Amino acid sequence: MRHILHADFDAFYASVEQLDNPAIRGKPVVVGGSPEGRGVVASASYEARKYGIRSAMPMRTALQRCPHAIQVNSNFTRYREVSRKVMDIFRELTPTIEPLSMDEAYLDVTERVSARHDAREIAYRLKRHVKAELGLTISVGAAASKSVAKIASDLEKPDGLTVVEPGAERAFLAPLSVGRLWGVGPKTEQRLRAEGIETIGDLTERSDDWLKKMFGRNGPYMKKLGLGEDDRPVQTHRGSKSVSAETTLRQDTGDPEALEELVNRLSHRVARDLDRKGIQGYTVKLKLRLSDFTTFTRQVTLPEPVSASEQIAEAAGVLLIAELEPGRMFRLVGVGLSGFASEEEPEVIQPRLPGF
Ligand code: TTP
Ligand code: MG
Ligand code: MG
């Protein structure tokens, strides 16, 4: 049995601004681009959310909804500093942490849980510690898997603490909207709803065959997650050099279909280059950059070396699906291959202009 926490700052950018400027505490604050340009809201304080203001909304719309909201420009240097500090606090609790973006991380606290301190106690202490050290609140979800912990952390925001006991996953997830599930972007959610699937419970009642027919390999995977089945480990490390191709998107997206299509195209480019060089590799890598510029890679080592486009895309697609989460926006995607079967020197394929 694992014990995993997912911790996420409440209204991260906006809360940092309120921390640094007492005059705007307790007030509607929106951080992001200026209303004159095409700026969008990066983060809205919970006071601002009462007016229906949300992340990614045009700043102009936000200020129409709440004219007395205080607009503040982003200060990434400062947010990065706070991010580093909170990750250090997480690391004091356990070395097994996986940052997902600047303001959130998974922590595997299995080793910390004992008869005297259960997961709730550990999560509670972590929240208290972060508040005392940084003056900011995080919301925490605790569960036996990453996906359930992530969904749990969002349920009682701000300053939330939600624990899903082992065995209670299915009952916990069933009444929630399917949109909360990994890999369910706005487009997929719309398609699910068109099929009468509103809740996670509705989804898990459908057969694997039907889901596969409707949603490809993502279908049965969504169902698995909907049942609370997710054995992905909390990943601490990063990968190394490879033959690769990458693209920066014209517009950030979290849409599973668009991202999968892009992975297929990048895999095709990598395969073509491997073919020219006549080499094969064992390790398929996926590189991702989020809208806040957080960059990371995921990789899988296969039992046989591969060089075909479909094989690379298949492996990279599985890695991709595991990283999709509601609201998680990507600005760059890369696919690569390493662990070469031949002795030839790996080489980086130059990125082309965005063809997306
Ligand atoms: P989130 O954790 O999604 O949002 P949040 O911390 O502002 O609010 P909460 O978690 O309480 O719902 O994102 C963390 C930061 O990432 C956010 O403060 C600003 C940035 N961000 C963007 O720049 N654009 C976006 O569309 C989103 C969702 C976040
Ligand atoms: Mg947050
Ligand atoms: Mg977050």
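Bear in mind that the values here come from a model prediction, so they are computed numbers and not experimental data.

Engineer: Let's hear about the confidence of the model for the protein chain: which residues, and what values?
Structural biologist: In the predicted model, the protein chain carries a mean pLDDT of 91, and the fraction of residues at 70 or more is 94%. Predicted confidence for residues 342–356 stays below pLDDT 50, and this span has 36 contacts to residues more than four positions away or in other chains.

Engineer: Describe the coordination of the magnesium ion (ligand 3), with residues and values.
Structural biologist: Within the protein, the atoms that donate to the magnesium ion (ligand 3) are Asp8 (OD), Asp103 (OD) and Glu104 (OE), at distances of 2.2 Å. In the primary structure, the donors to the magnesium ion (ligand 3) are separated according to the pattern D-x94-D-E. Judged by relative accessible area, Asp103 falls into the buried class, the value being 13%.

Engineer: I'd love a proper account of the packing of helix H10 (residues 208–215) against helix H11 (residues 218–226), names of residues and values included.
Structural biologist: Relative orientation of the contacting elements H10 and H11 amounts to 130°, with a least axis distance of 6 Å. Classed by the angle they form, the pair H10 and H11 counts as oblique. Side by side, H10 and H11 meet where Asp208, Leu211, Lys212 and Phe215 of the first sit next to Asn218, Gly219, Pro220, Met222 and Lys223 of the second. Grouping the amino acids of the contact of H10 with H11 by side-chain chemistry returns 4 nonpolar, 2 polar and 3 charged.

Engineer: Before we move on, could you go through the sheet that holds strand E3 (residues 41–44) and cite the residues and values that matter?
Structural biologist: Overall, mixed pairing links the 3 strands, which are arranged E3-E2-E4 in an open sheet. Two strands lie at the open edges of the sheet, namely E3 and strand E4 (70–72), each paired on one side alone. In this sheet, adjacent strand axes meet at a mean angle of 30° when their direction is disregarded. Note: strand E2 (residues 29–32) against E3, 3 bridges, orientation antiparallel. The residue bridging Val30 from the neighbouring strand is Ala44, located in E3.

Engineer: How would you sum up unusual backbone geometry? Please name residues and give values.
Structural biologist: The omega torsion of the bond from Lys157 to Pro158 falls at -5°, within 30 degrees of zero and hence cis. Position of Pro158 among the secondary structure elements: in the loop between helix H6 (146–155) and strand E8 (161–163). The residue Ala56 is not glycine, and still its phi comes out positive at about 75°. Looking at where Ala56 falls in the secondary structure, it is placed in the loop between helix H2 (46–49) and helix H3 (59–65). Of note, Asp159 is a non-glycine position whose phi angle comes to about 55°, a positive value. For Asp159, the position within the fold is in the loop between H6 and E8. With a relative accessible area of 47%, Asp159 lands in the partly exposed category.

Engineer: Can you tell me about the domain arrangement of the protein chain, naming the residues and giving the values?
Structural biologist: According to the domain assignment, the protein chain contains domain 1 (1–165), domain 2 (171–226) and domain 3 (242–340). Just the C-alpha atoms count here: the centres of domain 1 and domain 2 sit 27 Å apart. Listed per partner, the contact involves 11 residues of domain 1 and 7 residues of domain 2. Summing the contributions of domain 1 and of domain 2, the shared interface buries around 730 Å²; its carbon and sulfur component is 81%. Among the residues domain 1 hides against domain 2, the three largest losses belong to Ser147, Ile151 and Leu155. Together they make up 63% of the total. Asp154 serves as the salt-bridge partner of Arg180, at 3.3 Å between the closest nitrogen and oxygen. Put simply, domain 1 and domain 2 have 1 residue pair in polar contact (both at pLDDT 80 or more) between them.

Engineer: Explain the pattern of salt bridges to me, using residue names and the numbers behind them.
Structural biologist: Counting across every chain of the model gives 22 salt bridges. For the salt bridge of Arg78 with Asp20, the shortest nitrogen-to-oxygen distance reads 2.7 Å. Of this pair, Arg78 sits in helix H4 (residues 76–93) while Asp20 is found in helix H1 (residues 12–20), placing the two residues 58 residues apart along the sequence. Exposure remark for Arg78: the relative accessible area of 18% places this residue in the buried category. A relative accessible area of 41% means that Asp20 is categorised as partly exposed. A salt bridge links Glu98 to Arg298; its shortest N-O distance comes to 2.7 Å. Of this pair, Glu98 sits in strand E5 (residues 97–101) while Arg298 sits in strand E11 (residues 295–306), and the two are 200 residues apart along the sequence. Residue classification places Glu98 among the buried positions, given a relative accessible area of 1%. By relative accessible area, which is 6% here, Arg298 ends up buried.

Engineer: For the coordination of the magnesium ion (ligand 2), give the residues involved together with the corresponding values.
Structural biologist: Donor atoms from the polypeptide that bind the magnesium ion (ligand 2) are Asp8 (OD), Phe9 (O) and Asp103 (OD), placed at 2.0 to 2.2 Å. Classification of the site at the magnesium ion (ligand 2) as octahedral follows from its 6 donor atoms and the range of 74 to 177° in their angles at the metal. The sequence pattern describing where the donors of the magnesium ion (ligand 2) fall on their chain is D-F-x93-D. Here the magnesium ion (ligand 2) and the magnesium ion (ligand 3) are spaced 3.5 Å apart, with Asp8 acting as a shared donor. The same class applies to Asp8 and to Phe9, which are both buried.

Engineer: Please set out the sheet that holds strand E9 (residues 243–253) residue by residue, giving values where relevant.
Structural biologist: Taken together, 4 strands build an open sheet; the order of strands is E9-E12-E10-E11 and the sheet is antiparallel. Edge strands, defined here as strands with exactly one partner in the open sheet, are E9 and E11. Neighbour to neighbour, the strand axes of the sheet diverge by 15° on average, direction disregarded. With 8 bridges connecting them, strand E10 (residues 281–290) and E11 associate as antiparallel partners. Counterpart to Lys285 in the pairing with E11 is Gln299.

Cut-offs used in this document
Residues numbered from 1 in each chain as written. Chains lettered and ligands numbered in written order. Predicted model: local features only at pLDDT ≥ 70, side-chain atom pairs only at ≥ 80, totals over all residues. Heavy atoms only, no water. pLDDT = per-residue confidence, 0-100. Contact = heavy atoms within 4.5 Å. Donors = N, O, S within 2.8 Å, 3.2 Å for Na, K, Ca; no water. Buried < 20%, exposed > 50% of the residue type's maximum accessible area, 1.4 Å probe, protein only. Axes fitted to C-alpha atoms, helices over the stretch in contact; angles between N-to-C directions. Helix = DSSP H or I, 4+ residues; strand = E, 2+ residues; numbered from the N terminus. Parallel < 35°, antiparallel > 145°, perpendicular 65-115°, else oblique. Nonpolar A, V, L, I, M, F, W, Y, C, P; charged D, E, K, R; others polar. Pairing = 2+ DSSP bridges. Domains from an automatic or database assignment. Buried area = accessible area lost by both parts, 1.4 Å probe. Salt bridge = Lys/Arg side-chain N within 4 Å of Asp/Glu carboxyl O. Polar contact = N/O pair within 3.5 Å; in protein donor to acceptor, adjacent residues only side chain to side chain. Tetrahedral: all angles 85-135°; square planar, octahedral: opposite > 155°, others 65-115°.

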